[in-house]
Amino acid sequence: MPGMVLFGRRWAIASDDLVFPGVFELFLRVLWWIGILALYLQHRGKLNCPGGALLSSYLIVLIVLLALIICTMSAIVCVSMRGTICNPGPRKSMSKLLYLRLALFVPEIVWASLGAAWIADGVQCDRTVGNGIIATVVVSWIVIASTLVTVVVVFDPLGGKLAPYSSAGPSHLDSPESSQFLNGLKTAATSVWETRIKLLCCCIGKDDHTRVAFSSTAELFSTYFSDTDLVPSDIAAGLALLHQQQDYIRNNQEPDQVISHSPESSQDDDLDAELESCHHYMQFAAAAYGWPLYIYRNPFTGLCRIGGDCCRSRTTEYDLVGGDQLNCHFGSILQTTGLQYRDFIHVSFHDRVYELPFLVALDHRKESVVVAVRGTMSLQDILTDLSAESETLNLECEVQDCFAHKVGAPGLLASITFSHAALVPQEYRLVVVGHSLGAGAAALLAIMLRNQYPQVRCYAFSPPRGLLSKSLYEYSKSFIVSLVLGKDVIPRLSVTNLEDLKRRLLRVIAHCNKPKYKILLRGWGDLTQPLLGEQSLLAHGSPSYSFSGESPLESPTKYPPLYPPGRIIHLQEEGASGRCPCYVAAQYSVRWSHESEFSRILIGPKMLTDHMPDILMRALDRVVSDRAACVSCAAQGGSSLDVA
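Residues numbered from 1 in each chain as written. Predicted model: local features only at pLDDT ≥ 70, side-chain atom pairs only at ≥ 80, totals over all residues. Heavy atoms only, no water.

- Naming follows an unreviewed UniProt entry, where the chain appears as Diacylglycerol lipase-beta of Sus scrofa.
- Reading the Subcellular location (unreviewed entry) entry of the UniProt record for the chain gives the comment "Cell membrane".
- Under the UniProt heading Cofactor (unreviewed entry), the note attached to the chain is "Ca(2+)". (UniProt positions renumbered as here; feature names shortened; annotations may be inferred.)

1. Structural notes on the side chain of histidine 435
Right, so step 1: Topologically, histidine 435 is positioned in strand β8 (residues 429-435).
Right, so step 2: Looking at histidine 435, the relative accessible area reads 1%, which means it is buried.
Right, so step 3: For histidine 435, the side chain forms a polar contact with the side chain of tyrosine 289, separated by 2.7 Å.
Right, so step 4: Excluding its chain neighbours within four sequence positions, the residues that come into contact with histidine 435 are Met282, Ala285, Tyr289, Val373, Gly375, Phe461, Ser462, His611, Met612, Pro613 and Leu616. (Helix = DSSP H or I, 4+ residues; strand = E, 2+ residues; numbered from the N terminus. Buried < 20%, exposed > 50% of the residue type's maximum accessible area, 1.4 Å probe, protein only. Polar contact = N/O pair within 3.5 Å; in protein donor to acceptor, adjacent residues only side chain to side chain. Contact = heavy atoms within 4.5 Å.)

2. Observations concerning the pattern of salt bridges
Right, so step 1: All told, the structure shown has 23 salt bridges when counted by the stated rule.
Right, so step 2: Aspartate 270 serves as the salt-bridge partner of arginine 567, at 3.2 Å between the closest nitrogen and oxygen. Of this pair, arginine 567 sits in strand β11 (residues 567-573) while aspartate 270 is found in the loop between α9 (265-269) and α10 (271-287), placing the two residues 297 residues apart along the sequence.
Right, so step 3: For glutamate 597, the salt bridge identified is with arginine 591, shortest N-O distance 2.7 Å. (Salt bridge = Lys/Arg side-chain N within 4 Å of Asp/Glu carboxyl O.)

3. Overview of the confidence of the model for the chain
Right, so step 1: Here the chain averages 75 in pLDDT, while 66% of its residues score no lower than 70.
Right, so step 2: A low-confidence stretch, residues 581-586 (pLDDT under 50), is modelled with 16 contacts involving residues beyond four sequence positions or located in other chains.
Right, so step 3: Considering only residues more than four positions removed or in separate chains, one finds that residues 639-644, a stretch of pLDDT under 50, has 13 contacts. (pLDDT = per-residue confidence, 0-100.)

4. Some details on the UniProt feature "transmembrane region" (unreviewed entry) in the chain
Right, so step 1: According to UniProt, the "transmembrane region" (unreviewed entry) feature falls on residues 18-41, 53-77, 98-120 and 132-155.
Right, so step 2: Secondary structure content for residues 53-77 is 100% helix and 0% strand, and the end C-alpha separation is 36 Å.
Right, so step 3: Along residues 132-155 the backbone is 92% helical and 0% strand, and the end-to-end C-alpha distance reaches 35 Å.

5. What to know about the packing of aromatic side chains
Right, so step 1: If you walk through the whole model with that rule in mind, you get 8 aromatic pairs.
Right, so step 2: A ring pair is formed by tyrosine 281 and phenylalanine 284, whose centres lie 6.2 Å apart and whose planes are at 40°; its orientation type is tilted. Taken together, the residues tyrosine 281 and phenylalanine 284, both in helix α10 and 3 residues apart, mark about one turn of the helix.
Right, so step 3: Geometrically, the ring pair formed by tyrosine 281 and tyrosine 459 is stacked, given 5.4 Å between the ring centres and 15° between the ring planes. Of the two residues, tyrosine 281 is situated in helix α10 and tyrosine 459 in strand β9 (residues 457-461); the sequence distance between them amounts to 178 residues. Summarising the burial analysis for this pair, tyrosine 281 and tyrosine 459 share the class buried.
Right, so step 4: Put simply, the rings of Tyr281, Phe284 and Tyr459 pair up and form one aromatic cluster. (Phe/Tyr/Trp six-rings, centres within 6.5 Å; stacked < 30°, edge-to-face > 60°.)

6. Details of the environment of leucine 303
Right, so step 1: Structurally, leucine 303 can be placed in helix α12 (residues 302-310).
Right, so step 2: On the basis of relative accessible area, leucine 303 is assigned to the exposed category, the value being 55%.
Right, so step 3: In this structure the C-alpha to C-alpha distance between leucine 303 and serine 332, which are 29 residues apart in sequence, comes to 9.2 Å.

7. Overview of the sheet that holds β11
Right, so step 1: Read across the open sheet, the 8 strands follow the order β3-β4-β5-β8-β9-β10-β11-β12; overall the sheet is mixed. Looking at the sheet topology across the chains shown, the edges are occupied by β3 (344-348) and β12 (588-593). Strand after strand, the sheet turns through a mean of 20° between neighbouring axes, direction not considered.
Right, so step 2: In this sheet, strand β10 (residues 480-485) lies alongside β9 in parallel orientation, the contact comprising 4 bridges. Across the sheet, the residue bridging to tyrosine 459 is valine 481, located in β10.
Right, so step 3: Packing of α10 onto the sheet brings it into contact with β4 (358-363), β5 (368-373), β8, β9, β10, β11 and β12, and relative to β9 it is tilted by some 70°.
Right, so step 4: Lying on the sheet, helix α13 (residues 329-337) is in contact with β3 and β4; it crosses β3 at an angle near 130°. (Pairing = 2+ DSSP bridges. Axes fitted to C-alpha atoms, helices over the stretch in contact; angles between N-to-C directions.)

8. Quick look at the pairing of β10
Right, so step 1: Here β10 lies mainly inside the structure; 6 of its 6 residues are buried.
Right, so step 2: Taking every second residue as pointing to the same face, both faces of β10 are buried, with Ile480, Ser482 and Val484 on one and Val481, Leu483 and Leu485 on the other.
Right, so step 3: Taken together, β9, helix α17 (residues 470-476) and β10 form a β-α-β motif whose crossover is right-handed.
Right, so step 4: In terms of strand pairing, β10 meets β11 through 5 bridges, oriented parallel. Its bridge partner being in β11, serine 482 is matched across the sheet by isoleucine 568. (Right-handed = clockwise from strand over helix to strand, strands pointing away.)

9. Concerning the state of the cysteines
Right, so step 1: Within the structure shown, the criterion is met by 0 disulfides.
Right, so step 2: Of all cysteine sulfurs in the structure, the one in cysteine 86 sits closest to cysteine 512, which takes part in no disulfide; the separation is 8.4 Å. (Disulfide = S-S within 2.5 Å.)

10. A short note on the nonpolar core
Right, so step 1: Residues Phe344, Leu359, Val433, Phe461, Ile569 and Leu571 are the most contacted members of the largest nonpolar core, which totals 41 residues.
Right, so step 2: Ranked by residue count, the leading element in this core is α10, at 9 residues.
Right, so step 3: Excluding anything up to four places from it in sequence, valine 433 contacts Tyr281, Phe284, Ala285, Val370, Val371, Ala372, Val373, Gly438, Ala442, Tyr459 and Phe461.
Right, so step 4: Membership of the second largest hydrophobic core comes to 35 residues, among which are Val360, Cys402, Ala442 and Tyr563. (Core = buried A, V, L, I, M, F, W, Y, C linked by side-chain atoms within 4.5 Å.)

11. What to know about the packing of α10 against α13
Each pair of packed helices gets described by two things: the angle between the helix axes and the distance between those axes.
Right, so step 1: Two elements in contact, α10 and α13, have axes separated by 9 Å at closest approach and are oriented at 170°. Put simply, α10 runs roughly antiparallel to α13. Only Ile333, Thr336 and Thr337 of α13 make contact with α10, whose side of the interface consists of Gln283, Phe284, Ala286 and Ala287.
Right, so step 2: Of the residues assigned to the contact of α10 with α13, the class counts are 4 nonpolar, 3 polar and no charged. (Parallel < 35°, antiparallel > 145°, perpendicular 65-115°, else oblique. Nonpolar A, V, L, I, M, F, W, Y, C, P; charged D, E, K, R; others polar.)

12. Focus on helix α18 (residues 495-510)
Right, so step 1: For α18, which comprises 16 residues, the first-to-last C-alpha distance of 23 Å matches the rise-based estimate of 22 Å (1.5 Å per residue) to within 8%.
Right, so step 2: Across the 16 residues that make up α18, a large majority, 12, are buried. (Expected span 1.5 Å × (residues − 1).)

Okay, here's the thing in structure tokens:
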């Protein structure tokens, strides 16, 4: 930060990004130079063959050329190590060095072409020398091709517009004179992002829903990436710093400084019951993913178990099943849920933007009709996720501001038909479940079915945070339970939280006093010495660095603040625990949490893996078994059980 300006345009690479690629190329060049020099010194007496003089000249010039390149790359690496992310002054000579390095590519390409031509002519010399020349030519073209690929990767389509502004720091974002520039930049960025998204999703349809999703996603990306001068490595370094900052504050925070939202006693009473229900219905949410998740969870036996169902023709067993594109999915659904063919009312894997696959089944064990909605597993689903559009729900209830994220619940409701309702016992209640995007759709579906089915229940596993308006969030608490594992980023992901993350990234990067390569080398691990430039600000709780006491940011007017659905159960990994006297290996604490605890994105190595359905299922299995063991142990020992 800022991005380098070369040939009158900005590139998506900074002057301090060349340490690692430079060291790598330098290592290869030095080995290459030593090999060529050794080849020439040992075999120069064998170059008296026809055409040997040309090969001798080729090797000598190549040795000199490689020496110049090694010197230039050494200078580039040394200069790239200087300064900090926001202090590129010590690296002001980088552009000249890069121009020199690029100029050396001209003779390198010429010499590689000549070497290829001479080898093609079949020069008859010592076999070792010939093989060495062939290897030299091949390596030359590999390096040249890699450089061209790198240039394409770091090319910024908006570089021509950003070049005049690249010398400014983060402080320019709030200046009045920059507003006109940023507006034009966002318009251009929206067009660029929409083109990129269309290219990435070229294999999906182009109906009205898809076009709306393209535009909405492009506008969201341009809103958050067009008004900064961050390059990708800056974001990686900023995330590493934020991760360290979180750990630093947590480790140095006094116990009375921790803000806690204590649940009501009635919530504590039904925690075990809701946790057991979550454990049961998570099987249906996983089954909605079909065969990919089943085989992923059972890599050695999964294919053998469901392989026979992939080619089975439809028989009377399928009379109660509608939908399309079942393929191997039905076999995996049966294996995951343990149900029979006759227990399914409807199964559909029809997948489009704002239209999610789902299944409807009879769960005789819990005496319920279960609607399970699939989570993200296709490009269409990703577009639905990224689209930040909201829609108003027409509900027959006394709830104001009935708007929510557009995840396709109305279309899902229209697709679900209980045409076999006569086969469902009257005492069965309706339960709607889902994971990730499916959890969001399930929550909205439960809200829409609330009037028709007053006893409806919803279990949303790892739901997105940006889902419901404040009024709908409060309304959903009586019949929706959400389950979140650890630092899962999706239940913390909303437009407001993304804006907050961007500002925290800019702040922590601006105050960093270490070179970027040192930050990236240390990675996610625990650090003995903080990298943050002004550690005293953290210790004294300066407002400019306030992390936990900072007031929440407001969303852009186009994107109103949205909240997660229902009451939230939070599973947190904590290792060995002494809460149970005879079972000390419990790995997770379980408690009711307030939605405000998910109002900020937490950075960590498990922020993505905690969202995976197989990881969540494994955690649920462990929690349920551990709590059952603790309850049994407490009953036998007569000791009280401390519920997390």
